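This is what each chain is made of:
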Amino acid sequence: VVSVVGQPWTSSPNCVMTAYGRAWAADDAAGGNRYTLWWSKLLDGLNWGISDAGSISLVEAWPKGQDSIVAITAAFSRIIIFGRRSILMYTMPANNDPASMALTDVIEDIGCVARDSVQVTDSGVYFLSDNGIYRIDRLGQTVSLMSPNHMSTLYNDEVLAQIAAETATNIRGGYYPVEGYYVLSFPTSNVTFCVMTKKLVPELNKPVASKWNNTGRPLYGFAFSKDGHWYSAGVNGIHRYTGYTPDGASNAYTLTWTGQWNPFEDESRLKHAKSVSLVLEAASGQTGTFEWKVDYLAGTTNSNAFTCSSIEFAENPGVGNVSLQIGRSFKVIQPSVSFAINGTKVT
């Protein structure tokens, strides 16, 4: 506990950070003030009411009516203020005096759901909105009414399901710069999304992501230390990340590839699913499951299990063909194939 001189908030701020030589604070929800950004005296984070400490009201800055501050961060020589339904970016002047900063960038109709989802990465600022994971790209110049990039389009239904099942204040984000992992943890369901910011899906230009099901070990927070270690708060103490085994030999996992919805040239025509042919590199005896959904409808998932034959995949592992009979009529179809990875590779 320390003494704060000139405390400007009534109760206590929910958002606090340090940047540009000052401490910054916002969102005094208990005090009824969710629209003011405060900053401390330069190089003195305990003094808020003297010298060059100050504040700015956002009441007239929100683009579409009153909003509330959810998170604050600093990047690209800007102070980024995440509202619930919009985002404001104030550019710092050359002398980094907040009293002279100017509102130069505004993002309308999209805001932030959870304060701790906001993470500054090498490629931009990631955050969680009402409709998925987004990224504000690094800015080379001032632009108005810019649009952040939707990063979770390929698995967005799973992200939305976790948002609905979790209390927003429980959601935790983290960033591991060594591997470029942006992680988003939903502790209640023990699910963590890991967005691999340095690995992109070809042509789509979206980062690859994986979903960790942390049975019995929900992740409650993340921290990266200056000596290169990555830590997480857990139910039984603090855990340190020591890498992973991609072949699943010591930790078996499920690899799932999901394609996009395919209309087969004409979405208005009805088609009839007959068979599927998969070209794989795998070991003989490798098992998998082919799944397919139809017409964007929930509850239409069908599945067909298979095993890679010893003849087709004799080289072990080798390149072979797996043919499956499937069914259902559809106008659009989404294919998916899953493998249990446990000591052998699948391509």
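Reading the values: rules and limits
Residues numbered from 1 in each chain as written. Predicted model: local features only at pLDDT ≥ 70, side-chain atom pairs only at ≥ 80, totals over all residues. Heavy atoms only, no water. Pairing = 2+ DSSP bridges. Helix = DSSP H or I, 4+ residues; strand = E, 2+ residues; numbered from the N terminus. Axes fitted to C-alpha atoms, helices over the stretch in contact; angles between N-to-C directions. Buried < 20%, exposed > 50% of the residue type's maximum accessible area, 1.4 Å probe, protein only. Arc of directions from axis to C-beta. Contact = heavy atoms within 4.5 Å. Phe/Tyr/Trp six-rings, centres within 6.5 Å; stacked < 30°, edge-to-face > 60°. Salt bridge = Lys/Arg side-chain N within 4 Å of Asp/Glu carboxyl O. Core = buried A, V, L, I, M, F, W, Y, C linked by side-chain atoms within 4.5 Å.

### With respect to the sheet that holds strand β17 (residues 222-224)
Inference 1: Spatial ordering of the open sheet is given by β17-β18-β19, a layout of three strands whose pairing is antiparallel. The open sheet has two edge strands, β17 and β19 (237-240), and neither has a second partner. Across the sheet, the mean angle from the axis of one strand to that of its neighbour is 25°, orientation sign disregarded.
Inference 2: Judged from the three bridges that link them, β17 and strand β18 (residues 230-234) form a sheet pairing that is antiparallel.

### Points about helix α1 (residues 156-165)
Inference 1: Looking at α1, one finds that the buried residues are Asn156, Val159, Gln162 and Ile163. For α1, the angular spread of buried residues about the axis comes to 125°, placing them on one side. Facing away from the buried side of α1 by over 90 degrees, the exposed positions are Ala164 and Ala165.
Inference 2: Residues of α1 that are buried in the fold lie against β10 (124-129), β11 (132-137), β12 (149-150), β14 (181-186) and β15 (191-201).

### Some details on the side chain of Arg22
Inference 1: Tracing the backbone through its elements, the reader meets Arg22 in strand β2 (residues 22-28).
Inference 2: Judged by its relative accessible area of 5%, Arg22 falls in the buried class.
Inference 3: Discounting residues that sit within four places of it in the chain, Arg22 has contacts with Met17, Trp39, Ser40, Lys41, Leu42, Asp52, Asn96, Asp97 and Pro98.

### Details of the pairing of strand β23 (residues 287-294)
Consecutive side chains along a regular strand alternate between the two faces of the sheet.
Inference 1: Covered by surrounding structure in β23 are Gly288, Phe290, Trp292 and Val294 only, the residues Thr287, Thr289, Glu291 and Lys293 on the alternate face being uncovered.
Inference 2: For β23 and strand β27 (residues 333-341), the ladder comprises seven bridges, and the chain directions are antiparallel. Across the sheet, Trp292 pairs through a bridge with Pro335, a residue of β27.

### Points about the packing of aromatic side chains
Inference 1: Taken as a whole and judged by the stated rule, the model has 20 aromatic pairs.
Inference 2: Each ring, one from Trp9 and one from Trp48, has its centre 4.9 Å from the other, and the planes form 75°; the classification is edge-to-face. Here Trp9, found in the segment before β1 (15-19), pairs with Trp48, found in the loop between β3 (33-39) and β4 (54-57); they are 39 residues apart in sequence, far enough to count as distant. For the pair formed by Trp9 and Trp48, the shared burial category is buried.

### Notes on the pattern of salt bridges
Inference 1: Counting across every chain of the model gives 13 salt bridges.
Inference 2: The salt bridge involving Arg135 is made with Asp137; its shortest N-O contact spans 2.6 Å.
Inference 3: For Arg135, a relative accessible area of 13% translates into the label buried.
Inference 4: In this structure Asp137 comes out as partly exposed when scored by relative accessible area, which is 27%.

### Quick word on the sheet that holds strand β6 (residues 78-83)
Inference 1: Pairing in this open sheet of four strands is antiparallel, and the strands run β5-β6-β7-β8 from one edge to the other. Lying at the two open borders of the sheet, with one neighbouring strand each, are β5 (69-75) and β8 (102-107). Across the sheet, the mean angle from the axis of one strand to that of its neighbour is 20°, orientation sign disregarded.
Inference 2: Across six bridges, the pairing between β5 and β6 is antiparallel. Bridged to Ala75 within β6 is Arg78.

### Considerations on the nonpolar core
Inference 1: Counting 20 residues, the largest nonpolar core has Leu278, Leu280, Phe290, Phe306, Val322 and Phe339 as the members making the most contacts within it.
Inference 2: The set of elements that each furnish at least two residues to this core consists of β22 (275-282), β23, β25 (318-325) and β27.
Inference 3: Dropping the residues within four chain positions of it, Phe290 is found in contact with Val276, Leu278, Asn302, Ser303, Asn304, Phe306, Leu324, Ile326, Pro335, Ser336 and Val337.
Inference 4: Formed by 19 residues, the second largest nonpolar core is a distinct cluster that contains Met17, Trp24, Ala26 and Leu88.

### A closer look at the pairing of β11
Inference 1: Most of β11 sits out of view: five of its six residues are buried.
Inference 2: In this structure, β10 lies alongside β11, joined through six bridges in antiparallel fashion. Paired with Ser129 across the bridge in β11 is Gly132.
Inference 3: Hairpin connection from β10 to β11: two residues lie between these consecutive antiparallel strands.
Inference 4: The pairing of β11 with β12 spans two bridges and is antiparallel. Bridge pairing in β12 links Tyr134 to His150.

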